[in-house]
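Structural overview
In case you want the letters, here they are:
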Amino acid sequence: MEAPSATEEAVLDGRSGEPLLSVRDLVTVFATAAGVVVAANGVSFDIGEGETMGLVGESGSGKSVTCRSILRLVPEPGEVIGGSVLFQGEDILSVSPRRLRGLRGSEISMIFQDPMSSLNPVYPIGDQISEPLRIHRRMGRREAREEAVGLLDRVGIPSPRERLDSYPHELSGGMRQRVMIAIAISCRPKLLLADEPTTALDVTIQDQILSLLLELQAENGMAILLVSHDLGVIAQTCDRVTVMYAGYVVEQTTTAELFARPRHPYTVALLEALPELAAERKDGRLVPIQGQPPDLAALPPGCPFAPRCELARATCSEVSMLTLEASLGHSTACPFSDEIGL
Amino acid sequence: MIASGEDFLLAVEGVVKTFAVRQPLVERLRLRPRLHAVAVDGVSLAVRKGETLGLVGESGSGKTTLARSILRLIEPDSGSIHFDGRDITHAKRSELQSVRRRMQIVFQDPYSSLNPRLRVGAAVVEPALVHGLVTKDGAKAHVEEMLGLVGLPASAADRYPRQLSGGQRQRVAIARALSVRPEVLIADEPVSALDVSIQAQILNLLGDLLEQLGLTMVFIAHQLSVVRHISDRVAIMYLGRIVEHGPTEQVFGDPQHPYTRALLAAAPRPDPSRRHTRAATRGDVPSPLHIPSGCRFRTRCAFAEERCSVDDPALAEVAPGQQAACHVLPFGRGATDASSPPVT
């Protein structure tokens, strides 16, 4: 591994000792009719206080499952079967249900892609914002309602007091996501897990929501894990990035490094496939990644990207994908990256 | 907008389409007037033979309704649609059949647009059989030809859609559309449901097919980078209207409508040196039930002036071939404003 660059030093300097969240060798599986599918396979990364980590990958890469595993929210028949998730030194995977309830929504909160399905349709939004305040911050009904008005105002909902009695279906998609964010930040969490928070929104609304998240982060100093398939969103918001493919972490580094000097052939190919970059090529043609997305139930031995990799060689089937260590430097799961000039 | 004498294959003139909203019984008993959502509000555009027109807009902009009106899958309330010189606005079923052979559509979601119980081969040949272009005996060869055209092996004919990936399914949907050898392809968000790596495959395929078959295409998408890549001309839609229109590089390079500028500023770019700063717009898109007076973008516009709430701006020529519907920006006053949103 090379010496850390200036930007990495800056990241290192900003940290005091232990990271806020430390995910190690996380393994999450789904028992399906087609057999056991390993959705997250040995995933490791750290998030420092106030840092934004991007988790990027295509469908089936395991990015959402990884995010949900952190709060033990993997849906049936999924199960976390290995690894650890240390939050301020405490392993979330082994805490009691009571402690877990204390963490969720209070110290770590989460927002999802579709705010319609994560809000309860039969309660007014005022009740839904008040709930965590009354449980975690032990506020009385009236106090919680006042706090809810302030929160709605903070996330940019017009006439917040009148809105308290609105139901989710009376709001637009962007407004619903703002309400979700208000709920998520109500207990001033140290970590916000954001699973594709803007994917269902129009581009101008996505832009507004990302601005809001970054503003709130600057105010509260919370760390964010931003899960996204959109390299544009990642580039413009994250400090560091973890790239996933077929359940494995394939590359991890600072955002600036990843876009300037990608070191895994998958990352290189993914960046090449973007229409924005085709415009810079002489023939203007896109460079797709050949072949089809991986079938998680039938992964090849060794590197899962090898069948689609233009730089693949015979020994790719012997590559161990679990050697990549979480570090502040630039790590790649491709052992040949130096030889192939990445 | 439609210059006569030019070789337009497709021309839409003043198309309006509204949808009546179902109201609760109480409201109906009170004999309240029915509310109408205005989906397309007086749109005119024309597509030359062999060109690709990109139709850009966010949800509720009316782009899909417009596309469906062009195909006459829905009948517009007013306005007209001309195809190859013929007025098809009120064409009858039998007439429409021949029009539809020449105009085909590819939808966004290849999971729901293919019949799950039909094998790929049957799905691809079905439209050609319906239109009498091939006989049962010629079906196999036709399927093979069409699958080859979209880069699928002949063996794919025996598969069911569920056995295929999203990208492969979209190839099948394209093969099915091409099966009747159309002249116009309407692609409604054809790559929006696909991963980046597969999206590039399908965009290249569409590009190749356009060239190889001399197709004319209306390409609908919300992703600016994708539209920019494939279109010769673009029309930007907002709340049922075209707000800007012109050659792709001109519109993206020198946008003259505040909404186009906002869209470009809001689109995430894979460039970490451009960190996300403040949002390019404020507020939500207004409801199509209550379209603002005057300029419909004024409620979110950084340049809005008093007259914008009174006068509804019409599309006007701002540069050769480029039109924008704005009172302020195209005449330079807003363009030098320091508070203007960033422009790419």
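Thresholds applied
- Residue numbers run consecutively from 1 along every chain, following the written order of its sequence.
- Labels follow written order: the first chain is A, the first ligand is 1, and so on.
- Note on the predicted model: pLDDT of at least 70 is required for a residue's local features to be given, and 80 or more for side-chain atom pairs to be given and counted; whole-chain, interface and lining totals, by contrast, use all residues.
- Numbering of helices and strands runs from the N terminus, with a helix taken as a DSSP run of H or I at least four residues long and a strand as a DSSP run of E at least two residues long.
- Computation of the radius of gyration draws on C-alpha atoms, with the globule rule given as 2.2 Å multiplied by the number of residues to the power 0.38.
- Partly exposed residues are those falling between the two cut-offs: more than 12 but fewer than 20 other C-beta atoms within 10 Å of their own, whereas 20 or more means buried and 12 or fewer means exposed, with C-beta atoms placed from the backbone.
- Placing C-beta atoms from the backbone, we regard two residues as in contact once those atoms come within 7 Å.
- What we call a nonpolar core is a set of buried Ala, Val, Leu, Ile, Met, Phe, Trp, Tyr and Cys residues whose membership is set by joining through C-beta atoms within 7 Å.
- To obtain an axis, a line is fitted to C-alpha atoms, over the contacting stretch when the element is a helix, and the angle between two such axes runs from 0 to 180 degrees between their N-to-C directions.
- Any angle that is under 35 degrees is reported as roughly parallel, and any over 145 degrees as roughly antiparallel; angles of 65 to 115 degrees are reported as roughly perpendicular and all others as oblique.
- Each helix crossing is assigned a hand: it is left-handed if the near helix lies turned anticlockwise from the far helix by less than a right angle, otherwise right-handed if that turn is clockwise.
- Residue classes follow a fixed rule: Ala, Val, Leu, Ile, Met, Phe, Trp, Tyr, Cys and Pro count as nonpolar, while Asp, Glu, Lys and Arg count as charged, and any other residue, Gly among them, counts as polar.
- Scored from 0 to 100, pLDDT reflects the predictor's confidence in each residue.
- The span you would expect from a helix comes to 1.5 Å times its residue count less one.
- Only when DSSP finds a minimum of two bridges between them are two strands counted as paired.

1. Let's talk about the overall build of chain A
Along its length, chain A carries 13 helices and 11 strands. Against the compact-globule benchmark of 20 Å for 342 residues, chain A has a radius of gyration of 21 Å, which places it among compact chains. Projecting the C-alpha coordinates of chain A onto the three principal axes gives extents of approximately 65 × 50 × 45 Å. With 342 residues in all, chain A has 50% of them scored as buried. When contacts within chain A are restricted to residue pairs at least 6 apart in sequence, long-range pairs at least 24 apart make up 65% of them.

2. Comments concerning the nonpolar core
Counting 197 residues, the largest nonpolar core has Leu191(A), Leu225(A), Ile186(B) and Val218(B) as its most contacted members. Looking at this core, the element that brings in the most residues is helix α8 (residues 173-185) of chain A, giving eight residues. Among all residues touching Leu225(A), those that are not within four sequence positions of it are Ile47(A), Met53(A), Leu55(A), Cys67(A), Leu191(A), Leu193(A) and Ala194(A).

3. A few points about the packing of α8(A) against helix α9 (residues 203-220) of chain A
Residues and elements named next belong to chain A. It is the contact of α8 with α9, at a shortest axis distance of 10 Å, that shows an interaxial angle of 15°. Comparing their axes, α9 and α8 come out roughly parallel. The two elements α8 and α9 meet at a crossing, and its hand is right-handed. Judged by residue contacts, Gly174, Gln177, Ile181 and Ile185 of α8 engage Ile205, Gln208, Ile209, Leu212, Leu213, Leu216 and Asn220 from α9. Across the contact of α8 with α9, the residue classes break down as seven nonpolar, four polar and no charged.

4. Things to note about the packing of helix α6 (residues 166-178) of chain B against helix α7 (residues 196-213) of chain B
All names here are of chain B. At their nearest, the axes of α6 and α7 sit 9 Å apart, and the two run at 20° to each other. The angle between α6 and α7 falls in the class roughly parallel. Taken as a pair, α6 and α7 cross one another with a handedness that is right-handed. On α7, the residues that touch Gly166, Gly167, Gln170 and Arg171 of α6 are Ile198, Gln201, Ile202 and Leu205. Across the contact of α6 with α7, the residue classes break down as three nonpolar, four polar and one charged.

5. Some remarks on the confidence of the model for chain B
For chain B, the average pLDDT comes to 90, and 94% of its residues sit at 70 or higher. Across residues 333-344 of chain B the pLDDT falls below 50, and counting only partners more than four positions away or on other chains, this stretch makes 21 contacts in the model.

6. Notes on α9(A)
Along an α-helix, residues three or four positions apart point the same way, because every turn accommodates 3.6 residues. Along its 18 residues, α9(A) runs 26 Å from first to last C-alpha, staying within 8% of the 26 Å computed at 1.5 Å per residue. Where α9(A) is concerned, the buried positions are Val203(A), Thr204(A), Ile205(A), Gln206(A), Asp207(A), Gln208(A), Ile209(A), Leu210(A), Leu212(A), Leu213(A) and Leu216(A). Those residues of α9(A) that are buried are in contact with α8, β7 (191-195), β8 (223-228) and α10 (231-237) of chain A together with α10 (258-266) of chain B. Once α9(A) finishes, Gly221(A) follows within two positions and takes phi at roughly 70°, a positive value.

7. Observations regarding the sheet that holds strand β5 (residues 86-87) of chain B
Residues and elements named next belong to chain B. Reading across the sheet, the four strands line up as β2-β1-β4-β5 and stay open at both edges, with antiparallel pairing between neighbours. Lying at the two open borders of the sheet, with one neighbouring strand each, are β2 (36-48) and β5. When strand β4 (residues 78-83) meets β5, the two strands line up antiparallel, connected through two bridges. Bridging from a neighbouring strand, Phe83 pairs with Arg86 of β5. Across the sheet, helix α2 (residues 63-70) touches β1 (8-20), β2 and β4, and the angle it forms with β1 is around 120°.

8. Considerations on the environment of Leu20(A)
Residues and elements named next belong to chain A. For Leu20, the position within the fold is in the loop between α1 (6-13) and β1 (21-32). Classification of Leu20 as buried rests on a count of 21 C-beta atoms within 10 Å. Contacts of Leu20, omitting those with residues within four sequence positions, involve Ile47, Gly48, Glu49, Gln88, Lys190, Leu191 and Ala223.

9. Observations concerning the sheet that holds strand β6 (residues 108-111) of chain A
Residue and element names in this part refer to chain A. As summarised here, the arrangement of the seven strands in space is β6-β7-β8-β3-β9-β10-β11, forming an open sheet in which the pairing is mixed. Looking at the sheet topology across the chains shown, the edges are occupied by β6 and β11 (331-332). With five bridges connecting them, β7 and β8 associate as parallel partners. Counterpart to Leu191 in the pairing with β8 is Ala223.

10. Comments concerning the interface of chain A and chain B
Residue-level contacts link 39 residues of chain A with 34 residues of chain B. Of all elements in the fold, only α8, α9, α10, α11 (255-260), α12 (265-272) and α13 (275-278) of chain A reach the threshold of two or more residues within the side of chain A that touches chain B. The greatest single-element share of the side of chain A that touches chain B, amounting to seven residues, is contributed by α9(A). Looking at side-chain class alone, the side of chain A that touches chain B contains 21 nonpolar, 12 polar and six charged residues.

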